[in-house]
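The residues making up each chain are set out below.
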Amino acid sequence: MELIMAYKKVAAATLVSLSLLATACGGNASNTNGTNTSTSSNANANSANAAKTDNTASNEQVTLKFYSYNLAIASQVPGTEKLIKEFEDAHPNIKIDAIPVASTDINAKVQADIVAGTAPDIAQLTFDGLDFAVNNFNAKPLEDIVPADELQSNFEGFSPNGMKLGQLNGKTYGLPFTFSTPVLFYNAKLFQDAGLDPEAPPTTWEQVKEYGLQIGEKTGVTGTHVGGAAGGDWIIQALIGSNGGQALSDDRKTIKFGEPEAIGAIEMWQDLIKSGANSKLNDGEAMEAFSQGKLGMLLFTSAIQSSFVAASQAGGWELKTAKMPAFGDKPTTPVNSGSALFILTDDKAKQQAAWEFLKFATSERGYTIITSEIGYLPLRPAIVEDPNYLKGWVEANPLVKPNLEQLDSLKPWVSYPGANWKQIETILNDSVSKAIVSDGDVASIMQDAQKRAQSLIQ
């Protein structure tokens, strides 16, 4: 736990500094690339008119209390506020009372407010808490609120893999909202200095080790860093899945991160560090080193791309991105981080108003704002080819393309069942952190973690 807390303090400080750097250089990914993020005035007008046709049938004034962790992240506030304002302009009878709550605190706050009788009407919750939100926050399945034909119509054009992220037991409790996958960021200048081809990034973990060692030998800086050992297990789940394993069985009853495939994935990670190819930095330190041009490769969330664009421009080096590396010829299974929007209110009028907000936030226009001005992936893939939405932005920001390609092989961030879900996640994080930085037997560490976690399954 001390390692986790230390990581969080450093990572938080680093993210603040990266956010300030991004702000100084333009504020978001598009601005740091010198690109106008706004769609044309005609597109905005068309979006507003389309949204107005979806307005609630009644003119009753409705105020929705909305907890959002995007509003607690300085670099994401302008885009999130723009999304809300455009919705309110198109729906004058609906006001969004948006309240910033840190992602690390939001589940506890929702739970406490439910007990106090002051629960939010809509909450932005991370996917790893899906099971808990469904069974403890009385989250409303959209199928119980929205007519089937309307729901089906709204889901048309949505990423099929993305749509599954907020579903449990055959119903949609959370509508996927802000979303990212693990991306391999790399420094093209360090590749060149090490005699590597910047246009040919590593595609397997064996190559990551090889390239990392070569970068270290030729340039004197650390070759690579795999992030995600602390602060949430989504990258760990992605690594385990890419080696053919699972964190949790399909029937959601059995912990499986002590099985051979999971052990093999963590052994690869340990070997990267023992060999010297991977840094011994924590994630916050690694992000800072990468932003300073002192780290060759970094596997981490795509959501921090805009900060690295700004850092590379300020430092005079070129940032590039690649898909998550594979274990040999096995297919990769990138796992998402991010959040969904959950409707928690029992009030029928508020439920309908909340549905209008969810529709707009995840519409073509909504995802245009989310991607170009907040920094997350669009879960309506067609808009990246549509000149009314993201086509121009994607052409000006090609670093997002590997991330978009990974949607085809996406696997959901598995939420553990029961009230102990967070403890189970922490056991996995702590055990992986212990295994990769030690000479300990990975199999013993992970099997012990599996046993302890299984005892918490309810």
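Structure's up top.
Because the structure is predicted, anything quoted here is derived from the model rather than measured.

Enquirer: Which parts of the structure should I look at to understand the packing of aromatic side chains?
Expert: Aromatic ring pairs: the centre-centre distance and the angle between the two ring planes describe each pair. According to the stated counting rule, one finds 13 aromatic pairs in the structure shown. Geometrically, the ring pair formed by phenylalanine 132 and phenylalanine 137 is edge-to-face, given 5.4 Å between the ring centres and 85 degrees between the ring planes. Residue class for phenylalanine 137 comes out buried when judged on its relative accessible area of 2%. Their ring planes at 80 degrees and their centres at 5.2 Å tell us that phenylalanine 185 and phenylalanine 308 sit as a pair that is edge-to-face. Taken together, the positions of phenylalanine 185 in strand 7 (residues 182-187) and phenylalanine 308 in helix 14 (residues 305-315) put the pair 123 residues apart, joining distant regions of the chain. As far as the burial class goes, phenylalanine 185 and phenylalanine 308 line up, both buried. Grouping aromatic residues by their ring pairs yields a cluster made of Phe66, Phe87, Phe357 and Phe360.

Enquirer: Explain the packing of helix 12 (residues 260-275) against helix 19 (residues 421-436) here, please?
Expert: Helix packing for two helices is described by the angle between their axes and how far apart those axes are. Interaxial distance between helix 12 and helix 19 falls to 8 Å at its minimum, and their mutual angle equals 40 degrees. Classified by the angle between their axes, helix 12 and helix 19 sit oblique to one another. Only Val432, Ala435 and Ile436 of helix 19 make contact with helix 12, whose side of the interface consists of Ile266, Trp269, Gln270 and Ile273. Grouping the constituent residues of the contact of helix 12 with helix 19 by class yields six nonpolar, one polar and no charged.

Enquirer: Sorry, what's going on with the nonpolar core here?
Expert: Soluble globular proteins: nonpolar side chains tend toward being buried together. The biggest cluster of nonpolar side chains holds 134 residues, and the ones touching the most others in it are Leu239, Phe257 and Trp269. For this core, the leading source of residues is helix 12, giving eight residues. If sequence neighbours within four positions are ignored, phenylalanine 257 has contacts with Ile240, Gln246, Ala247, Ala262, Tyr416, Ile424, Leu428, Met446, Ala449, Gln450 and Ala453.

Calculation rules
Residues numbered from 1 in each chain as written. Predicted model: local features only at pLDDT ≥ 70, side-chain atom pairs only at ≥ 80, totals over all residues. Heavy atoms only, no water. Phe/Tyr/Trp six-rings, centres within 6.5 Å; stacked < 30°, edge-to-face > 60°. Buried < 20%, exposed > 50% of the residue type's maximum accessible area, 1.4 Å probe, protein only. Helix = DSSP H or I, 4+ residues; strand = E, 2+ residues; numbered from the N terminus. Axes fitted to C-alpha atoms, helices over the stretch in contact; angles between N-to-C directions. Parallel < 35°, antiparallel > 145°, perpendicular 65-115°, else oblique. Contact = heavy atoms within 4.5 Å. Nonpolar A, V, L, I, M, F, W, Y, C, P; charged D, E, K, R; others polar. Core = buried A, V, L, I, M, F, W, Y, C linked by side-chain atoms within 4.5 Å.

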